[in-house]
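Tertiary structure, described
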Amino acid sequence: MEKLKKKIGSFSFWNWVIASIIFRLILIYFPKNLNLSSRPEVSTPLTSFRRLAEGYWLKQSSMSSYAGSMYHGSPLLLSLLGPLTVKRIEGQPNHLLYSLVSVIADVVSAMLIRATGQNLRLAYLRSLESLDLVKQIDVSEFLFSGDIAALIYLCNPFTIVACVGLSTSPIENMAVILCLYGACSRLIPLAAFGWVIATHLSLYPAILIIPVIFLLGCGPDSPPRKLFLQRHQQKEVLNQLKLPPGFSWGPIIHFAFWAFLWSVYVLVLCGISLKQFGGLWEMFKSTYGFILTVEDLSPNIGVLWYFFAEVFEFFRNFFLIVFHVNILFMILPLSIRLRHRPCYLAFVYVAICSMLKSYPSVGDSALYLGLLGWFVNELADMQFSLFLFCGYVGVSLLSPVMHNLWIWRGTGNANFYFTTAMVYACLQIVLVVEGVSAVLNHDRKLRILITGKP
Amino acid sequence: MELSFTQGRWNYESWGGFDPISSSNAKPPGVELWAVFDVPQHHIDASWKNLTHTLSGLFCASINFLESTATYSTPEWSFPPASGNVRYGTLPCEAVCTENLTPWLKLLPCRDKAGIALLLDRPSLYRGFYHSQRGRCVLAKSSSVYLLLDRGLVAELKFPNKENGKSAANGLTSENFWSNPSFELSVNPDRIFLEESSSHSKSLSILYMFQVEKYSESEPFDIGLMWKVPVAWLCQQTPLHASRFLMGSGNERGAIAISLKSTQFTEGFMSANSKDGSCELRVDVFQVVPWYVKVYFHSLRVFVDQQPRAVSDFIEKIHVSPSKDKMSPGVMEVVLKLPCRVNTAALTIEFDKGFLRIDEYPPDANQGFDIPSAIISFPNFHASMVFLEDDSLNRSPLLSKFQEKCPVMSYTEVLLVPLTTPDFSMPYNVITIKCTVFALYFGSLLNVLQRRVAEEERFLKAKAAKKTGRLPLLLSKLSAKLRGSGINQD
């Protein structure tokens, strides 16, 4: 019976995957990609396809691709994806090859999410067994978090829009997921590669080094170590339960070595391609400097653009520092409280980055919504879930309307669009806060089951 | 160095574009300044800054706005001394006012009370369609007034329209040309100059010179031209008529299009070169675009005779200097080689509109921002007139000016681009609301992380035990229900 159930479950999983691929291909064949690549929610100055094409044109004309303030991405991406911007196949939509690359990136990310989710689920079951709680918690009702997370990622309208809208978000997301998958499965070179590429493409995944260290040192998500010790104390006479291993430094040194190797390789490649045009310093100024100084004030689904359009010149640097420190400050408290759950820590970090980064887009939200699927069992008791879902749907419908009113019709003004961006930020804040609260509650419930006292 | 103040646009269709006056003297609206520097490369920008400030003080105009790097550019091929020492800047929306006339008048001994400056009657000057002041004076030993009869007018006078009825062709003699039945001059000219042969037109211009020193207070110099018969003529035009316009709608993106149409000149040129099958017309385009109009150079497209064509077929050379935000404008110089029989040609390029901070908008933000005129030049043709002169010692400076070989140039229209504006009344509101959102994030996340739920529950239980009234109990139950699955749920 169990085997049949599993078989049915996996069959419909592949059905959904194929359906989402076909849906993406249908949308790609629509004329002009449904103009999705010109929507500010999808393409930001960092992920825009037109800017990639412009950077490639400048490079082909023997000029530095950072010459104008157009392209702010990585030179490696330019070499790999640049030729795809100009290749045209007769009779097919204009950017078919690039869209196919995005679709493949999405599918690969979904497969990696599924594998990591299966890893996490097995680890969770194992830890429940060693805590001797298998009878008290109904394990057969545990959902296949890996499959659910992969399907959420593939069928999420945000992901589909980011893929069809020709932004570079699918590739950035794939790098982040590669890093987490490698760390979960103890494939250290792969994890180092994913981390280096993700940091190189957009600055913010650098903070994922902390969950990766915890993953490699302690292993995947598990209840707090204190519970194991308490259980061990209780059952010492009856059973010899194995304790989970402590923190090990070996894999971390291994990871540091591989990360160093990969980053030297990437920097050498970039240096070679930019030798005549100012070298690595020019690249850092145009990519990381651009991200950190928020030079471009085009509207997007974040809140920083309007703020820096209105703030006085005198306070600009101060507020830049404050907003970036906001992300950095939360690293320490979260890592202290959630160190036994590194994958959940990674999810929270990714969500905070997507919310507070300089140029957010729906592709970034697609990433953390997909990672949310790994924790459906732990977050079963999350409050405000319906409110959040309706909020997301509402914002994604209202935001294009407000943008149209402001820019195309001229009947609204910037405040309309900014309000939807702020509501979106508030929704994400509620999601992060309630998510953290729900996971801590889950751990507390386990503690009550073991020790009998709250 | 050349500085010009212009109000109005030179109407190339009616007033011609091929003679030296319209080619080198017709200027774009507003202020245009270009200068060639003789100092080492790294000093040029500082010298430019000094120059703009000095001129601004001299002419009481806002030329000092040209000092920032975002307003001037370095053309490579478009200006004759082709080197890196040229700096070009223009302010399209600068209004020309009577104050700008004052420095010219200060140079004259009697200012505007007597002499030639009496003609500069301010009300009538500024009421005209076009007037321009240019800083490139030539010193003359004596004052003379010149009257130029354009080639087109001469052709019309020589062979008037058959519909007029006057079929008698007038003999072209220099002595009694003023007895032409079409017009009458009140004063007889002192000298008459005939143009030497022109390669581009069959008829030749005629220049009348009147010397002012022969006249005095008692015998004032009053020149008048009276048309006896209505004469309409077409001034010789540039090889291709250039115009520029914006495409697209909305405040997010658009496209700039430069269109080149053939004029009656091209037909004549075509027939002259019809035996040479592969003749080519070279067109130089120089365009400066401010940084907030972010041009995508890879979207440059060429249309010849209304068909989209491959860019590499018609563009021989292209030099772009992409714009850097708030630092430098975008410069595009294109050398096109079009076939001589071209009917129409068009260049289109797409752009995105940028977003500025509130202190970067001008006081009237909703008017829009100007894209300066583009310069279209035809290096194959030279707008110059060589006049036969017998007295080579007393060379008139104006005639030597006319003889200078400069390529035919024309300026396109200034484009007005409306940009979206943020709400200017909102800085404090935006800052406070945004910081509230951040405080919400910061505070609630830290709160969740450090909560000790067990202690809270004990505290709440103790508080609930103390409560006796029904209403607080109902309220607490209601609040627990609203929050969804509460903490006390089993």
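Scroll up to find the structure.
Reading the values: rules and limits
Residues numbered from 1 in each chain as written. Chains lettered and ligands numbered in written order. Predicted model: local features only at pLDDT ≥ 70, side-chain atom pairs only at ≥ 80, totals over all residues. Heavy atoms only, no water. Helix = DSSP H or I, 4+ residues; strand = E, 2+ residues; numbered from the N terminus. Rg over C-alpha atoms; globule rule 2.2 N^0.38 Å. Buried < 20%, exposed > 50% of the residue type's maximum accessible area, 1.4 Å probe, protein only. Areas by Shrake-Rupley, 256 points an atom, 1.4 Å probe, with all protein chains shown as cover. Lys, Arg positive; Asp, Glu negative; His and termini not counted. Charge placed at Lys NZ, Arg CZ, Asp CG, Glu CD. Pairing = 2+ DSSP bridges. Axes fitted to C-alpha atoms, helices over the stretch in contact; angles between N-to-C directions. Contact = heavy atoms within 4.5 Å. Buried area = accessible area lost by both parts, 1.4 Å probe. Salt bridge = Lys/Arg side-chain N within 4 Å of Asp/Glu carboxyl O. Polar contact = N/O pair within 3.5 Å; in protein donor to acceptor, adjacent residues only side chain to side chain. Core = buried A, V, L, I, M, F, W, Y, C linked by side-chain atoms within 4.5 Å. Patch = residues over 30% accessible without salt bridge, like charges linked within 9 Å, V, L, I, M, F, W, Y side chains within 5 Å. Phe/Tyr/Trp six-rings, centres within 6.5 Å; stacked < 30°, edge-to-face > 60°. Lys NZ or Arg CZ within 6 Å of the ring centre and 35° of its normal.

**Structural notes on the overall build of chain A**
Secondary structure assignment for chain A yields 20 helices and 0 strands. Since a compact globule built from 454 residues should have a radius of gyration of about 22 Å, the 23 Å found for chain A is in line with a globular shape. Along the three orthogonal principal directions, the C-alpha set of chain A runs to about 75 × 50 × 45 Å. The 454 residues of chain A split such that 58% are buried. Approximately 19,400 Å² of chain A is accessible, and the part contributed by carbon and sulfur atoms is 69%. Each charge class in chain A was averaged separately, 34 positive and 23 negative side chains, and the resulting centres sit 5 Å apart.

**Remarks on the sheet that holds strand 12 (residues 253-262) of chain B**
The antiparallel open sheet is built from 5 strands, whose spatial order is 11-12-18-14-15 (chain B). Edge positions in the open sheet fall to strand 11 (240-247) and strand 15 (307-309) of chain B, since each of these has one partner strand only. Averaged over all pairs of adjacent strands, the angle between their axes in this sheet comes to 30°, without regard to strand direction. In this sheet, strand 15 of chain B lies alongside strand 14 (residues 293-304) of chain B in antiparallel orientation, the contact comprising 3 bridges. Residue B:Val304 lies in a different strand from strand 15 of chain B, and its bridge partner there is B:Gln307. Strands strand 12, strand 14 and strand 18 (344-353) of chain B of the sheet are contacted by helix 2 (residues 49-60) of chain A, whose axis makes an angle of about 70° with strand 14 of chain B.

**Focus: the interface of chain A and chain B**
The accessible area lost on association of the parts is a frequent measure of interface size. Opposite the 62 residues of chain A that make contact, chain B presents 52 residues. Together chain A and chain B conceal approximately 5,400 Å² of surface at their shared face, both sides included; 65% is due to carbon and sulfur atoms. Counting across the interface, chain A meets chain B through 5 salt bridges. When the shortest N-O distance is used, the salt bridge between A:Arg50 and B:Glu350 registers 2.2 Å. Between chain A and chain B we count 17 residue pairs in polar contact (both at pLDDT 80 or more) in total. Contributions of two or more residues to the side of chain A that touches chain B are made by helix 2, helix 14 (304-310), helix 15 (316-329), helix 16 (331-337), helix 17 (342-356), helix 19 (385-409) and helix 20 (414-451) of chain A.

**A short note on the nonpolar core**
If you look at the biggest cluster of nonpolar residues, it comprises 139 residues, and the most contacted ones within it are A:Phe308, A:Leu334 and A:Ile352. With 16 residues, the single largest contributor to this core is helix 20 of chain A. In terms of nonpolar packing, the next biggest core, distinct from the first, is built from 46 residues, B:Leu347, B:Tyr361, B:Ala365 and B:Phe369 among them.

**A closer look at a nonpolar patch on the surface**
Taken together, the side chains of A:Phe312, A:Phe314, A:Phe315, A:Phe318, A:Val322 and B:Tyr428 present a nonpolar region at the surface, about 660 Å² in accessible area. Structurally, the position occupied by A:Val322 is in helix 15.

**Examining the packing of aromatic side chains**
Tallied over the entire structure, the rule returns 41 aromatic pairs over all chains. Centroid distance A:Phe329 to B:Phe442: 5.1 Å. Interplanar angle 35°. Geometry classified as tilted. Residue A:Phe329 is found in helix 15, and its partner B:Phe442 is found in helix 10 (residues 427-450); the two belong to separate chains. Look at A:Phe329 and you get partly exposed, because its relative accessible area is 41%. Put simply, the rings of A:Trp305, A:Tyr306, A:Trp406, A:Tyr417, A:Phe418 and B:Phe355 pair up and form one aromatic cluster. One Lys or Arg, A:Arg50, reaches over the ring of B:Tyr296 and ends 4.2 Å from the middle of that ring. When the ring centre of A:Phe307 is taken as reference, the NZ or CZ atom of B:Lys434 above it lies at 5.5 Å.

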